[in-house]
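# Examination of the molecular architecture
Spelled out from the first residue to the last, the chains are:
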Amino acid sequence: MTRTIPHVMLVGPYGGQCGIGQYAEYWRESLFATNDDLKVHTETDLHPNVVLERSKLPPVIVLNYQAALLSQWHPSHIFEVQSRGSKVLTIWHDSGVPNSDHCKLICEASDHFVLHEPYDDLTPNGTYLRQGIPSWEDPVKFWLLKQEMNRTERWWGEQPIVGTVGLTMGYRNVDLLCRAAHLAGWGVLVLASRATDQEVTDWTALNPACHVVRDFLPKEDVVSYLAGCDATAQLVVTNNAGTSGGIRQCLAARKSLIAFRSRQFRDLEREPAIHWLDDGSVEAVADALEHSDLWPRLPIIRLAARDSWLNASKVYANIIRDLLA
């Protein structure tokens, strides 16, 4: 007999133009999809006093912990929650090699914690669980955009298109992708809600068949756009902590994925389904695009199914049930 999951409080940003908030949406929605008895209250005021001043706390408090956003939550606050009879599950997003002292203190204080990449320097009360991959979406958004482009005779036509998504930091190498795609005869679709006018001008100068969507899109629309592309790319090179949500959205498209080996992709670096590039030249990226149809999609589909948010939600549900056993 399945045990009922009681009320859970999810602390952290929710939705909006924030990767941690988007993660919270996926987390809550996937748990609802697999556990119709679940009740989740979201608390978006990040000061611990907002939780601690409540007359009654729920049985489980989940800290969707990004080190800067939830910096006011210290181990002492976790201990106070526990002293009132509640369990604390921390989802720690700023994982590293090694992990920070801050991470170690918060995870050790928690009843259980989840990290999205392998670790060997934390207490044993934790679980390594990769970020969930969103569900596939019908590429209607892509096809509507393509029809508009063809109708106005701007570009695309029969061109293959490579898609990418993420904040437009220099380490994402969108300019390199535009150069390589132009060399290969491809168009580029960039989903970047914070792209500047200058960035759009620069990218379209490098590849006239580049289109940038700067609207902040619902997460389902992101996958709908990417699912219509012929391939996706994540040419990220960074030493930033944590793991990438953008590459999961590309995986959700279930198309060939070209990527550089980056710190934020460490949890995926052994996945043969991804076409990893060790050569970051324009020519090498162009060659990878040219031959992307030879890179089988079925391993990507299998990876997306295995790491789906629905599967991740089952792990989270079991953790919550175990905390309450």
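Here the structure is shown first, and the text comes after it.
Before going into details, it helps to say that this report is about the structure given with it. Numbers given to residues run from 1 along each chain, matching the order in which its sequence is written. Only residues with pLDDT of at least 70 are given local features in this predicted model, and only at 80 or more are side-chain atom pairs given and counted; all residues enter the totals for whole chains, interfaces and linings. Hydrogens and water molecules were not included; the side-chain quantities draw on all heavy atoms of the structure.

Working definition: helices are DSSP H or I runs of at least four residues, strands are E runs of at least two. Numbering for both runs from the N terminus. On a plain count of helices and strands, the chain comes out with 12 helices and 12 strands. Radius of gyration means the value over C-alpha atoms here, while the globule rule gives 2.2 Å times the residue count to the 0.38 power. The globule rule puts the C-alpha radius of gyration for 325 residues at 20 Å, and the 21 Å found for the chain is close to it. For the chain, the spread of C-alpha atoms along the principal axes amounts to about 65 × 40 × 35 Å. Here the term buried applies to any residue with accessible area under 20% of the maximum for its type, exposed to any over 50%, and partly exposed to those in between, with areas from a 1.4 Å probe on protein chains only. Per-residue burial over the chain gives 55% buried out of 325 residues. Put simply, 67% of the contacts in the chain that link residues at least 6 apart link residues at least 24 apart. Pairs of residues are marked as contacts when any of their non-hydrogen atoms sit within 4.5 Å.

The next thing to look at is the packing of aromatic side chains. Pairing of aromatic side chains here covers Phe, Tyr and the six-membered ring of Trp, requires ring centres within 6.5 Å, and sorts the geometry by plane angle: under 30 degrees stacked, over 60 edge-to-face, intermediate tilted. Under the criterion given, the structure shown has seven aromatic pairs. Ring geometry for F142 against W143: centres 5.2 Å apart, planes inclined by 85 degrees, an arrangement best described as edge-to-face. Here F265 and W276 contribute two aromatic rings whose centre-to-centre distance is 6.4 Å and whose plane-to-plane angle is 45 degrees, an arrangement assigned as tilted. Of this pair, F265 sits in the loop between β11 (256–260) and β12 (275–277) while W276 sits in strand β12; the two residues are 11 residues apart in sequence, bridging distant segments of the chain. For the pair F265 and W276, a shared accessibility class is recorded, and that class is buried. Counting every residue linked through ring pairs, the aromatic cluster contains Y23, Y26 and W309. In our convention, an over-ring charge means Lys NZ or Arg CZ found within 6 Å of a ring centre and within 35 degrees of that ring's normal. Above the face of the Y26 ring, K219 is positioned so that its terminal group lies 5.3 Å from the ring centre.

The next thing to look at is the sheet that holds strand β3 (residues 60–65). Ordered in space as β2-β1-β3-β4-β5-β6, the six strands form an open sheet in which the pairing is parallel. Looking at the sheet topology across the chains shown, the edges are occupied by β2 (39–43) and β6 (126–128). Between one strand axis and the next, the sheet turns by 20 degrees as a mean value, whatever way the strands run. A pair of strands is treated as paired once DSSP finds two or more bridges between them. Of the pairings in the sheet, the one linking strand β1 (residues 7–11) to β3 comprises four bridges and is parallel in character. In this analysis, axes come from line fits to C-alpha atoms, helices being fitted only over the stretch in contact, and the angle between any two N-to-C directions falls in the range 0 to 180 degrees.

Defined by distance alone, a disulfide is two cysteine sulfur atoms within 2.5 Å. Tallied over the entire structure, the rule returns zero disulfides. Its sulfur unpaired, C18 is 19 Å from the next cysteine sulfur, which belongs to C103. For C18, a relative accessible area of 22% gives the class partly exposed. Between C229, a free cysteine, and C250, which holds the nearest cysteine sulfur, the sulfur-to-sulfur gap is 8.6 Å. Taking relative accessible area as the criterion, C229 reaches 0% and is therefore assigned buried.

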